[in-house]
Amino acid sequence: MSITEDIVELAAIETLQELGWGYLHGSVIAPDGSAPERRSFGDVVLTGRLEAAIARINPDAPEAARAEAMRRVLTGELPSLIEENRRIHKLLTEGVDVEYRADSGKTAATKIWLIDLERADANDWLAVNQFVVVQNRANRRPDLVLLVNGLPLAVLELKNAAAQNATIADAYNQLQTYLHQIPSLFSTNAVLVTSDGMEARIGSITANAERFMPWRTVDGEDFAHRGTPELETLLRGVFTRANLLTLIRDFIVFGDKGEGPFKIIAGYHQFHGAQKAVRQAVEASRPDGDRKIGVIWHTQGSGKSLLMAFFAGLAVKSQSLENPTLVVLTDRNDLDDQLYGTFGLCRDLIRQNPEQAASRADLKRLLDKAAGGVVFTTVQKFSPEKGEESFPLLSDRRNIIVIVDEAHRSQYGFESKLNRETGLRRYGYAHYIRQAMPNASFIGFTGTPIEAADINTPAIFGEYIDIYDISRAVEDGATVPIYYESRLARIELLDAEKPRIDAEVEALLEDEIEASAERAKQKWSTVEALVGSDKRLALVAADLVRHFEDRVAALAGKAMVVCMSRRICVALYDEIIKLRPDWHSPDDAAGSIKIVMTGAASDPPDWQQHIGGKTRRDLLAKRVRDPVDPLKLVIVRDMWLTGFDAPSLHTLYIDKPMRGHGLMQAIARVNRVFRDKPAGLIVDYIGIAQNLKSALAQYSRPDQDKTGIDEAEAVAVLLEKVEIVRDMFFGFDYRPALNGTPGERLAMMAGAIE
């Protein structure tokens, strides 16, 4: 028996019925059906079911209030589909606040719930196939519509896996047609699903094709690899009734970053990771708990910031956590701003506006409350002031959860050092944070694994709660693999100097903790002068321009260059615009190349055009993120190497000594999914290969196979495949396909097919 679209549809219905969903064919409930539940084909809400559910869930509400809630749902109020979808989502998750005239004649207010988010059995669950909708003279028939209390919350478009021209891409395109032609079906929509029976993807009404993602687990413990029947896993993982209610209530976010509103649905790793973390938080914060919630390692580019916000939303709602105050810690102001922005998008989930602490005193003020609040601050605010041996108490409450971003970094440690000049002992920030909030519980989030030799991170935060590594992210299409290419520009040195400079470069690497800042500065200056020599930078600039132009000719996208000092950033910029003067513009809103760095009025005059505050950085970030903006090359020293997300970045040129977590975070700038981008590329001008290998040693073998892949190996595989194709065409002259006339090419194609 051949596989047909009907088989896929019926298999999905069978699974849904096992999960407790009812089922009716669309023709049965149609206006002309045997048991009609729709007055016309334009009606997409089953009003009889909705009315009955509202009465059942809100038994004490007067009929007038229930009728007003119905009216609010059924009457569109906003012209934009996404804004209307957001409005109704809020009604679903927060209830409908209505006013009505009481028997006394006075106006009264109450809240009406459309769905019981706590008790799945209190709701009406119905799957309908072949659900015909007629709107704006378009007649469409989605394969499967899932309704809860008569509201269409999910649309599934299914294709035949055995048909060559019926793919999940076709299913996605069909959903886009529905969104355009029958938008009324999607006003109440929570999720969209595409599948061919084998592959299956889930997305939102604003998600582009690459953001329709697989759902590879049912309960967060199992994992269905690619090649296994994905539709079955997705249906059981998402549409188990309790899971769908949780997804709608706690894991959907709306936002607008200036380019139009969008809707994000959590991935399976975020959905289960956040719930695991909250369960651990409840245990750790008990009176007899150890206050170590644990560490979540979700690789860079997989939505770690959103995961933190989802966790925060769950923590705020958890009765066991007693309305906690959440303190979100980062180690850089720009990261603080980025994460603050993400939490701002999720204010509906966290039920409050997050606040940023401007100073130690401001932090104390924000913590001086009995409960609640989401406070952002940097670890540097926990440094004792001059003459202080310890850090003062800010709050001794137990219902404080400290959320630390990039928790593995060395400054979060407990180690102490003696300052021989002052006689004072200085500790890692973890020590002072504990002094400030002695009864707080700690959770760490990291995009890179904890090193085997790292004893600080487990001592502060506890063990791993959840892991979503590189290989899984690449398999899911959440990130792309990263290739490595060496284009080492030699530093001009006498042979006798090379060992000494190599040792000094090694000592400069980012994770090294120097006892003497002055000594580190001297070493840096020595190497910086060599790396930044005029002759060397001219060579680097010429090679980089040639390489980048070849790269964008083959694959549209943008690039970032990492230099070891601000001076070198400016000097390399000058060398590049000597070669390509048309790339330069004094206007921040124009030009193809820019430097992103901080500075001061005391810096050299020729640096000033590259220096600006947050407003300039925000403008340049917006330009880099816009795929069609002419800004295509940015030069940085430290800015944007962590937390910055620009999917069209596909190449990272490294000309700065780096290693460990810092290196892994930097190269992740090019692992974001973007259109047909197959991979990111790291181009090495300074010799990071061994350090990349050492950093990857902390990762699993599958992760190593997806990161820092030698481009030469990829070329070798390509040539091998070319030979196989040539062998297939042995004795057949295919050269006209390469350089023949259009007629010759067509004739060759016919022969090649034979």
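Residues numbered from 1 in each chain as written. Predicted model: local features only at pLDDT ≥ 70, side-chain atom pairs only at ≥ 80, totals over all residues. Heavy atoms only, no water.

1. Details of the overall build of the chain
In terms of helices and strands, the chain carries 27 helices and 28 strands. Buried positions account for 52% of the 754 residues belonging to the chain. Excluding contacts between residues fewer than 6 apart, the proportion of contacts in the chain whose partners are at least 24 apart in sequence is 70%. About 33600 Å² of surface is accessible on the chain, with carbon and sulfur atoms providing 51% of the total. (Helix = DSSP H or I, 4+ residues; strand = E, 2+ residues; numbered from the N terminus. Buried < 20%, exposed > 50% of the residue type's maximum accessible area, 1.4 Å probe, protein only. Contact = heavy atoms within 4.5 Å. Areas by Shrake-Rupley, 256 points an atom, 1.4 Å probe, with all protein chains shown as cover.)

2. Structural notes on the packing of helix α9 (residues 268-284) against helix α10 (residues 304-317)
Packing of α9 against α10 leaves a shortest axis separation of 9 Å and a crossing angle of 45 degrees. One element, α9, and the other, α10, form an angle in the oblique class. Regarding α9 and α10, the two cross each other, and that crossing is right-handed. From α9, Gln270, Gly273, Ala274, Gln275, Ala277, Val278 and Ala281 reach across to α10, where they touch Leu306, Leu307, Phe310, Phe311, Leu314 and Ala315. A breakdown of the residues in the contact of α9 with α10 according to their chemical character gives 10 nonpolar, 3 polar and no charged. (Axes fitted to C-alpha atoms, helices over the stretch in contact; angles between N-to-C directions. Parallel < 35°, antiparallel > 145°, perpendicular 65-115°, else oblique. Left-handed = near helix turned anticlockwise from the far one by under 90°. Nonpolar A, V, L, I, M, F, W, Y, C, P; charged D, E, K, R; others polar.)

3. Re the state of the cysteines
Applying the stated rule across the entire model yields 0 disulfides. Cysteine 563 carries a free sulfur, and the closest cysteine sulfur to it, the one in cysteine 569, is 4.3 Å from it. (Disulfide = S-S within 2.5 Å.)

4. Regarding the packing of aromatic side chains
Inspection of every chain in the model, using the stated rule, returns 18 aromatic pairs. With a centroid separation of 5.0 Å and an interplanar angle of 80 degrees, the aromatic rings of tryptophan 21 and tryptophan 125 are classed as edge-to-face. Separated by 104 residues along the polypeptide, tryptophan 21 in the loop between α1 (5-18) and β1 (22-25) and tryptophan 125 in strand β4 (residues 125-129) bring together distant segments of the chain. The same class applies to tryptophan 21 as to tryptophan 125, namely buried. Relative to phenylalanine 644, the ring of tryptophan 640 lies with its centre 4.1 Å away and its plane at 5 degrees, an arrangement referred to as stacked. On the accessibility criterion, tryptophan 640 (4% relative accessible area) is buried. Taking the relative accessible area as the measure of exposure, phenylalanine 644 reaches 2% and is therefore buried. (Phe/Tyr/Trp six-rings, centres within 6.5 Å; stacked < 30°, edge-to-face > 60°.)

5. Here we look at the pattern of salt bridges
Considering all chains together, one arrives at 40 salt bridges under this definition. Residue aspartate 655 pairs with arginine 536 through a salt bridge whose shortest N-O separation is 2.5 Å. Pair noted here: aspartate 655 is in strand β26 (residues 649-655) and arginine 536 is in helix α19 (residues 534-554), with a separation of 119 residues, a long-range link. For arginine 536, a relative accessible area of 1% translates into the label buried. (Salt bridge = Lys/Arg side-chain N within 4 Å of Asp/Glu carboxyl O.)

6. Some details on empty space enclosed by the protein
Evaluated as defined, the whole model comprises 4 cavities of 30 Å³ or more. Its boundaries defined by the atoms lining it, the largest cavity holds a volume of some 90 Å³. Along the walls of the largest cavity sit 14 residues, with Thr299, Ile470, Ile482, Asn671 and Thr707 positioned nearest its centre. Elements supplying a minimum of two residues to the lining of the largest cavity: α16 (470-476) and α22 (660-667). Residues belonging to the lining of the largest cavity are distributed by class as follows: 8 nonpolar, 5 polar and 1 charged. (1 Å grid on protein atoms, 1.4 Å probe; cavity = no way out; pocket = protein on both sides within 12 Å on 5 of 7 lines; lining within 4 Å. Points joined across faces, edges and corners; volume = space filled by probe spheres on them.)

7. Here's the deal with the sheet that holds β26
An order of β24-β25-β23-β26-β27-β22-β28 is seen for the 7 strands of this open sheet, with the pairing classed as parallel. The sheet terminates laterally at β24 (593-596) and β28 (709-710), the two strands that pair on one side only. Direction of pairing for strand β22 (residues 482-486) relative to strand β27 (residues 680-684): parallel, over a ladder of 5 bridges. Note on β27: the bridge partner recorded for glutamate 485 is valine 683. Against the sheet, α19 contacts β22, β23 (558-563), β25 (633-636), β26 and β27, and its axis sits at roughly 165 degrees relative to β26. (Pairing = 2+ DSSP bridges.)

8. As for the nonpolar core
If you look at the biggest cluster of nonpolar residues, it comprises 121 residues, and the most contacted ones within it are Phe239, Phe311, Phe343 and Ile401. With 10 residues, α10 is the single largest residue contributor to this core. Those residues in contact with isoleucine 401, other than ones at most four positions away along the chain, are Ala281, Ile293, Phe311, Ala315, Leu321, Pro324, Thr325, Leu326, Val327, Ser441 and Ile443. Cys569, Ile593, Leu663 and Val670 belong to the second largest nonpolar core, which has 65 residues in total. (Core = buried A, V, L, I, M, F, W, Y, C linked by side-chain atoms within 4.5 Å.)

9. Let's talk about the sheet that holds strand β10 (residues 200-203)
Strand order in the open sheet formed by 6 strands is β1-β4-β7-β8-β9-β10, with mixed pairing between adjacent strands. Each edge of the open sheet is held by one strand with a lone partner, namely β1 and β10. With direction set aside, neighbouring strand axes in the sheet form an average angle of 20 degrees. Summarising the sheet, strand β9 (residues 191-195) and β10 pair through 4 bridges and their orientation is antiparallel. In the sheet register, leucine 192 faces β10, and the bridge partner there is glycine 203.

10. Points about unusual backbone geometry
Not every positive phi belongs to a glycine, and glutamine 130 is a case in point at roughly 55 degrees. Turning to its location among the elements, glutamine 130 is positioned in the loop between β4 and β5 (133-135). Residue class for glutamine 130 comes out buried when judged on its relative accessible area of 15%. Phi at tryptophan 640 is positive, roughly 70 degrees, even though this residue is not glycine. Relative to the helices and strands, tryptophan 640 is located in the loop between β25 and β26.

11. Some points on helix α3 (residues 47-57)
Listed as buried for α3 are Arg49, Leu50, Ala53, Ile54 and Ile57. Looking straight down α3, one finds its buried side chains confined to an arc of 130 degrees; they lie on one side. Looking at the packing, one finds that the buried side of α3 touches β1, α4 (63-74), β3 (107-112), β4 and β8 (151-158). (Arc of directions from axis to C-beta.)

12. Description of the side chain of arginine 617
Tracing the backbone through its elements, the reader meets arginine 617 in helix α21 (residues 614-625). Summary of buried charges: arginine 617 has no salt-bridge partner, and the nearest side chain of opposite charge, aspartate 337, is 5.3 Å away. Discounting residues that sit within four places of it in the chain, arginine 617 has contacts with Val596, Thr598, Gly612, Met639 and Trp640. (Lys, Arg positive; Asp, Glu negative; His and termini not counted.)

13. Describing the confidence of the model for the chain
For the chain, per-residue confidence averages 87 on the pLDDT scale, and residues scoring 70 or more make up 88% of the total. Counted against residues more than four places away or in other chains, residues 509-517, with its pLDDT under 50, gives 22 contacts. (pLDDT = per-residue confidence, 0-100.)

14. Focus: the side chain of lysine 159
Relative to the assigned elements, lysine 159 resides in the loop between β8 and α6 (168-181). The side chain of lysine 159 sits in the buried core without any salt bridge; glutamate 157 is the nearest counter-charge, 4.1 Å away. Engagement of the side chain of lysine 159 in a polar contact is seen with the side chain of glutamine 174, the distance being 2.5 Å. (Polar contact = N/O pair within 3.5 Å; in protein donor to acceptor, adjacent residues only side chain to side chain.)

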